[in-house]
Amino acid sequence: MSPSQESVLPDYETETSQTSKLLKKFKETPFVPIGMGGFTAVVAYGLYKLKHRGNMKLSLHLIHMRVAAQGFAVGALTCGVLYSMFQEYVLKPKE
């Protein structure tokens, strides 16, 4: 490889790597990772509580866990949309 090609390839990999794309997306929409983390936390907590559900049926426990996880994710996305609307329409200087 010529010296010019060696210097181009590492820059290309860092600019288009999955990690850099993910970090860029997290900076643009901060509530998406919060929703993903909350969804994961609710599911993990529900699976932990699966042992101590008492006489509740498994299907009912899984339905409650799914509704809680989806509610957290939708709530975080709604907050993200409201946050972006606030930034765009309230904080943005009028033209």
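Thresholds, definitions, all that
Residues numbered from 1 in each chain as written. Predicted model: local features only at pLDDT ≥ 70, side-chain atom pairs only at ≥ 80, totals over all residues. Heavy atoms only, no water. UniProt positions renumbered as here; feature names shortened; annotations may be inferred. Helix = DSSP H or I, 4+ residues; strand = E, 2+ residues; numbered from the N terminus. Contact = heavy atoms within 4.5 Å. Axes fitted to C-alpha atoms, helices over the stretch in contact; angles between N-to-C directions. Parallel < 35°, antiparallel > 145°, perpendicular 65-115°, else oblique. Left-handed = near helix turned anticlockwise from the far one by under 90°. Expected span 1.5 Å × (residues − 1). Buried < 20%, exposed > 50% of the residue type's maximum accessible area, 1.4 Å probe, protein only. Arc of directions from axis to C-beta.

Caption draft 1: Representation of the UniProt feature "transmembrane region" (unreviewed entry) in the chain. Under the UniProt annotation, the feature "transmembrane region" (unreviewed entry) is placed at residues 30-48 and 68-86. Annotated as 95% helix and 0% strand, the span residues 30-48 places its first and last C-alpha atoms 28 Å apart. Taken end to end, residues 68-86 comprises 100% helix and 0% strand; its first and last C-alpha atoms sit 27 Å apart.

Caption draft 2: Molecular detail of the side chain of His61. Looking at where His61 falls in the secondary structure, it is placed in helix α4 (residues 58-89). Residues within four places of His61 in sequence aside, it is in contact with Gly46, Lys49, Leu50, Arg53 and Met56.

Caption draft 3: Representation of the packing of helix α3 (residues 31-49) against α4. Direction vectors running N to C along α3 and α4 enclose 165°, while the axes themselves pass 8 Å from each other. Classified by the angle their axes make, α3 and α4 are roughly antiparallel. The handedness of the crossing between α3 and α4 comes out as right-handed. Residues Phe31, Val32, Ile34, Gly35, Gly38, Phe39, Val42, Val43, Gly46, Leu47 and Lys49 of α3 lie in contact with α4, whose contacting residues are His61, Met65, Ala68, Ala69, Gln70, Phe72, Ala73, Ala76, Leu77, Cys79, Gly80 and Tyr83.

Caption draft 4: Structural view of α3. Here α3 contains 19 residues, and its C-alpha end-to-end distance of 26 Å stays within 8% of the 27 Å for a straight helix at 1.5 Å per residue. Among all positions of α3, only Gly35, Gly38 and Gly46 are buried. Down the axis of α3, the smallest arc covering the buried residues is 65°, so these residues share one side. Opposite the buried face of α3, at more than 90 degrees from it, the exposed residues are Thr40 and Tyr48.

Caption draft 5: Seen up close, α4. Compared with an ideal rise of 1.5 Å per residue, which puts 32 residues at 46 Å, α4 spans 46 Å between its outermost C-alpha atoms and is within 8% of the ideal. His61, Met65, Ala69, Ala76 and Gly80 are the residues of α4 that are buried. Lining the buried residues of α4 we find α3.

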